[in-house]
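# Structure assessment
These are the residues of each chain, in order.
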Amino acid sequence: MSQVIIQDDEVDIVIGAIQSDLTSFMEAWRPMFSRFHLIIVQDPDLNGELKIPGGFNLNLYTKSDMDKVVGSSSSTISFSGYSCRYFGYLMSRKKYIISIDDDCIPAKDSKGELVDAVAQHITNLTTPATPFFFNTLYDPFCKGTDFVRGYPFSLRNGVECGLSCGLWLNLADYDAPTQALKPNARNSRYVDAVLTVPSRTMLPLSGINIAFNNELVGPALLPAFRLTKEGKFRWETVEDIWTGMCAKVVCDHLKLGVKSGLPYVWRQERGSAVESLKKEWEGVQLMEEVVPFFQSVRLSEAAVTAEDCVAEIAASVKEQLGRSNPMFARAAETMVEWIKLWKQVRSQ
Amino acid sequence: MAGERAATPLLKDELDIVIPTIRNLDFLEMWRPFFQPYHLIIVQDGDPSKTIKVPEGFDYELYNRNDINRILGPKASCISFKDSACRCFGYMVSKKKYIFTIDDDCFVAKDPSGKDINALEQHIKNLLSPSTPHFFNTLYDPYREGTDFVRGYPFSLREGEPTAVSHGLWLNIPDYDAPTQLVKPRERNTRYVDAVLTIPKGTLFPMCGMNLAFNRDLIGPAMYFGLMGDGQPIGRYDDMWAGWCTKVICDHLNLGIKTGLPYIWHSKASNPFVNLKKEYKGIYWQEEIIPFFKSVTLPTECKTVQDCYLELSKQVKAKLSSVDPYFTKLADAMVTWIEAWDELNPSGDASAKLANGAAK
């Protein structure tokens with residue numbers, strides 16, 4: 001398999017800082033991050049200065065930057081909490097973006113070696129995806145494997161990969177009820193595979209460990225759906241789940257691939273599932289309603305860019321979901337605002 | 001990975017192991033610790049005058065071509081000759097709820113800890129737990145020990161659907177087609193991927209018959225392995241054909257198909273030049289067959305596997321005959337297969353779901 005050569009200056013690593021002291025996080029990732037440019041975005045609700053160790057090539061964005069850029073053009077877009085990273089996506093001009101939650105450190109593979117999550121995401125994004133037919137030996141472009149007997153030859157070129165969704169060892173990305181029911185459940189299974197999630201199949205796209213082709217799908221990674229009482233733990237959010245479904249629809253329509261599997265990151269203990277469980281659940285119930293919508297939404301031939309796709313999805317959300325609940329109408333509005341903002345920022 | 005707490009049911013009176021062979025069954029010695037409790041159905045392909053020696057201590061029934069002709073009469077025409085596709089005769093004569101089929105060059109593999117893998121036990125686990133075809137779980141099979149549904153997985157879909165098929169994989173010699181074998185004769189599959197996952201609804205896959213288990217009650221009649229071998233223009237597409245038909249029907253009936261564990265050790269690399277001759281037409285025909293299966297819709301009135309399969313055979317005849325007259329023959333054979341299946345498996349209302357070992 002030929003080596004994938006990628007220029008370091010094609011990559012931005014975007015970190016949403018929900019915690020003030022990023023020292024141990026940054027030091028843990030230093031061997032993998034140091035080659036690349038970093039964008040660190042401070043949660044606008046987090047007061048004080050962030051503690052960031054030296055020796056990195058980075059840009060830091062805070063609330064004041066958000067106010068400057070977004071200004072008065074929108075009141076629906078919020079960069080609070082985990083959504084602060086989207087400001088980083090907005091500001092980035094690089095081709096590939098990798099984003100990892102600030103409570104994750106490098107994991108070890110089954111041989112005990114540290115996993116370079118950045119390199120693996122880059123490999124995923126720069127090798128073809130195979131969304132139209134399932135390969136039983138998983139990613140056929142991986143070294144040591146290939147397409148199996150019976151895989152149509154006309155589909156063996158694959159398509160470009162738009163999104164790479166990594167996984168988590170230790171604290172898996174379970175929802176609060178699941179983790180509360182099994183408080184000691186930790187993910188210790190290292191599944192040595194990357195696979196393409198087939199076209200028209202929906203998945204829960206966790207934002208904890210994710211990478212994407214900013215040129216192809218950038219605008220689809222947007223902050224739109226917030227729970228009324230969204231919190232600072234992943235158990236208390238669904239924003240990435242909503243965004244993920246939009247992004248998958250966009251990728252399916254533009255015939256781009258979405259990969260899932262490697263790389264793993266090690267997710268550290270933080271918070272209490274039981275405490276999070278006590279919070280409001282209205283938004284989570286609402287998510288049940290949107291599944292049939294996302295599974296069936298189809299975009300027009302005229303939608304040829306991610307921006308076009310997002311605009312059409314927003315219109316469908318407003319028309320089909322917005323009527324039953326104002327939260328959806330608001331999400332649709334935010335999506336439209338986001339595209340406007342995206343274009344505005346890009347034109348400067 | 002967490003240790004197993006609940007013992008997996010053996011299902012020894014509910015499962016048949018179907019093995020096609022033309023040479024010998026020495027490989028069963030290695031499988032003895034895992035297979036001995038079960039009844040074997042051996043389908044002997046090739047020269048019926050040859051005696052296949054079965055190792056001592058196994059409970060089995062054996063069918064050669066003469067038996068197949070005797071039992072099916074003129075309907076025997078649907079069963080391939082001189083091809084392992086004949087194994088589906090074993091599915092038809094079985095009276096059990098579950099089938100496990102394995103090739104005679106497949107041995108016990110070891111997991112990364114060095115332990116022997118009980119492939120049959122894993123297939124049973126796969127079949128007895130639900131599938132999740134409607135929404136992809138990023139941590140793979142959520143019913144496995146040590147994992148669960150991830151955040152964002154719709155709660156309304158967490159009961160899953162019944163599992164109809166468990167598709168296992170192979171270490172060592174991978175199941176490549178002839179062109180790939182020619183280009184990469186030395187490639188071996190050494191990667192142990194510790195996952196089972198459901199192939200999503202609406203997605204097709206290449207089903208390999210080397211290491212396969214299924215619920216005969218749920219999907220049996222769809223497991224017809226087509227017309228291959230002697231007198232046929234194509235080979236090595238038997239399991240592929242069965243897999244595409246099975247997947248379309250499972251999608252229609254909301255049944256699940258799992259793939260991944262268990263691994264077996266595939267020891268024999270077949271001759272790529274021989275394979276190329278067999279596969280040659282398939283490589284071209286596939287390009288028409290796949291769009292056909294992708295666009296197939298079955299009417300809601302089709303509620304049993306047999307109904308679905310007969311409907312499929314009509315569509316094969318209507319839409320694929322223009323590719324080659326072979327498909328007209330195949331469509332007719334599909335009908336013959338269902339007629340033979342229903343004859344050997346009478347159940348009153350022809351529903352595959354009710355048939356559970358009707359005595360002959």
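Residues numbered from 1 in each chain as written. Chains lettered and ligands numbered in written order. Predicted model: local features only at pLDDT ≥ 70, side-chain atom pairs only at ≥ 80, totals over all residues. Heavy atoms only, no water.

This part is about the packing of helix H8 (residues 272–295) of chain B against helix H9 (residues 305–320) of chain B. Residues and elements named next belong to chain B. At a minimum axis separation of 11 Å, H8 and H9 run at an interaxial angle of 135°. Between H8 and H9, the angle falls in the class oblique. Here H8 and H9 pass one another in a crossing that is right-handed. Listed contacts from H9 to Glu288, Ile289, Phe292 and Phe293 of H8 are Leu312, Gln315, Val316, Lys319 and Leu320. Tallied by class, the residues present in the contact of H8 with H9 amount to six nonpolar, one polar and two charged. (Axes fitted to C-alpha atoms, helices over the stretch in contact; angles between N-to-C directions. Helix = DSSP H or I, 4+ residues; strand = E, 2+ residues; numbered from the N terminus. Parallel < 35°, antiparallel > 145°, perpendicular 65-115°, else oblique. Left-handed = near helix turned anticlockwise from the far one by under 90°. Contact = heavy atoms within 4.5 Å. Nonpolar A, V, L, I, M, F, W, Y, C, P; charged D, E, K, R; others polar.)

What follows covers the nonpolar core. Side chains that are nonpolar tend, in soluble globular proteins, to be buried together. By size, the foremost hydrophobic cluster in this structure holds 243 residues, and its most contacted members are Phe33(A), Trp242(A) and Trp241(B). Among the elements that make up this core, the one with the highest residue count is helix H10 (residues 326–344) of chain B (11 residues). Residues within four places of Trp242(A) in sequence aside, it is in contact with Ala224(A), Phe225(A), Met287(A), Val290(A), Phe294(A), Val317(A), Leu321(A), Phe328(A), Ala331(A) and Met335(A). (Core = buried A, V, L, I, M, F, W, Y, C linked by side-chain atoms within 4.5 Å. Buried < 20%, exposed > 50% of the residue type's maximum accessible area, 1.4 Å probe, protein only.)

Attention shifts here to the pairing of strand S6 (residues 161–170) of chain A. Residues and elements named next belong to chain A. With 10 of 10 residues buried, S6 lies mostly within the body of the structure. Across nine bridges, S6 lies against strand S9 (residues 257–267) in parallel orientation. When the sheet's bridge partners are listed, glycine 166 is paired in S9 with glycine 261. In the sheet, S6 pairs with strand S8 (residues 209–213) via three bridges, with the strands oriented antiparallel. Bridged to leucine 163 within S8 is phenylalanine 212. (Pairing = 2+ DSSP bridges.)

This brings us to the confidence of the model for chain B. All names here are of chain B. For chain B, mean pLDDT is 93; residues scoring 70 or higher make up 95% of the total. Across residues 349–360 the pLDDT falls below 50, and counting only partners more than four positions away or on other chains, this stretch makes 21 contacts in the model. Among the scores for the predicted complex, ipTM is 0.95 and pTM is 0.94. (pLDDT = per-residue confidence, 0-100.)

Bringing the interface of chain A and chain B into the picture now. It is common to give the size of an interface as the accessible area lost on bringing the parts into contact. With 59 residues of chain A at the contact, the number on the chain B side is 61 residues. Together chain A and chain B conceal approximately 5000 Å² of surface at their shared face, both sides included; 56% is due to carbon and sulfur atoms. Between chain A and chain B we count 26 residue pairs in polar contact (both at pLDDT 80 or more) in total. Residue assignment for the side of chain A that touches chain B shows that the elements contributing at least two residues are S6, helix H5 (176–181), helix H7 (239–253), S9 and helix H9 (282–296) of chain A. If one sorts the elements of the side of chain A that touches chain B by residue count, H9(A) sits on top with four residues. By residue class, the composition of the side of chain A that touches chain B is 32 nonpolar, 15 polar and 12 charged. (Buried area = accessible area lost by both parts, 1.4 Å probe. Polar contact = N/O pair within 3.5 Å; in protein donor to acceptor, adjacent residues only side chain to side chain.)

For the rest of this paragraph, the subject is the UniProt feature "site: Required for activity" (unreviewed entry) in chain B. In this structure's numbering, the residues bearing the UniProt feature "site: Required for activity" (unreviewed entry) are Arg151(B) and Arg158(B). Secondary-structure assignment places Arg151(B) in the loop between helix H4 (119–128) and strand S6 (163–172). Among the polar contacts listed, one links the side chain of Arg151(B) to the backbone oxygen of Thr237(A), at a separation of 3.2 Å. Turning to its location among the elements, Arg158(B) is positioned in the loop between H4 and S6. (UniProt positions renumbered as here; feature names shortened; annotations may be inferred.)

It is worth spelling out the pattern of salt bridges at this point. For the structure on display, the rule yields 43 salt bridges over all chains. Between Lys182(A) and Asp148(B) there is a salt bridge, and its shortest N-O distance comes to 2.6 Å. With one member in each of two chains, Lys182(A) in the loop between H5 and strand S7 (194–196) and Asp148(B) in the loop between H4 and S6 form a pair that bridges those chains. Asp116(B) is the partner of Lys110(B) in a salt bridge, and the nearest nitrogen-oxygen pair spans 2.8 Å. Given the relative accessible area of 36%, Asp116(B) is considered partly exposed. A network of salt bridges, in which partner residues are shared, links Arg85(A), Asp101(A), Asp173(A), Arg234(A), Glu239(A), Asp240(A) and Arg151(B). (Salt bridge = Lys/Arg side-chain N within 4 Å of Asp/Glu carboxyl O.)

This paragraph deals with the packing of aromatic side chains. For the structure on display, the rule yields 38 aromatic pairs over all chains. On the basis of an interplanar angle of 80° and a centroid distance of 5.8 Å, the ring pair of Phe35(B) and Phe100(B) is categorised as edge-to-face. Remark: Phe100(B) occurs in strand S4 (residues 98–102) and Phe35(B) occurs in helix H1 (residues 28–35); sequence separation between them is 65 residues. Assigned by exposure class, Phe35(B) and Phe100(B) land together as buried. With centroids separated by 4.8 Å and ring planes inclined at 80°, the aromatic side chains of Tyr91(B) and Phe214(B) adopt a geometry described as edge-to-face. Residue Tyr91(B) is found in helix H3 (residues 88–93), and its partner Phe214(B) is found in strand S8 (residues 211–215); the two are separated by 123 residues along the sequence. Comparing Tyr91(B) with Phe214(B), the two get one shared label, buried. Through pairs of rings, three or more aromatic residues link up here, namely Trp241(B), Trp244(B), Trp285(B), Phe292(B), Phe293(B), Tyr326(B) and Phe327(B). One residue, Arg234(A), lies across the ring of Tyr82(A), its end atom 3.9 Å from the ring centre. Here the guanidinium or amino end of Arg158(B) rests over the ring plane of Phe155(B), the centre of that ring lying 4.0 Å away. (Phe/Tyr/Trp six-rings, centres within 6.5 Å; stacked < 30°, edge-to-face > 60°. Lys NZ or Arg CZ within 6 Å of the ring centre and 35° of its normal.)

The next thing to look at is helix H10 (residues 306–321) of chain A. Residues and elements named next belong to chain A. Between its first and last C-alpha atoms H10 spans 21 Å; for 16 residues at 1.5 Å apiece the expected length is 22 Å, and the two agree. Turning to H10, its buried residues number three or more, namely Ala306, Cys309, Val310, Ile313, Ala314, Ser316, Val317 and Leu321. Viewed along the axis of H10, the buried residues span an arc of 170°, placing them on a single side of the element. (Expected span 1.5 Å × (residues − 1). Arc of directions from axis to C-beta.)

Moving on: helix H1 (residues 23–33) of chain A. Residue and element names in this part refer to chain A. Buried residues of H1: Phe25, Met26, Trp29, Met32 and Phe33, and no others. Projection of H1 onto a plane perpendicular to its axis shows the buried side chains occupying an angular sector of 100°, all on one side. Every exposed residue of H1 that faces more than 90 degrees away from the buried side is listed here: Ser24 and Pro31.

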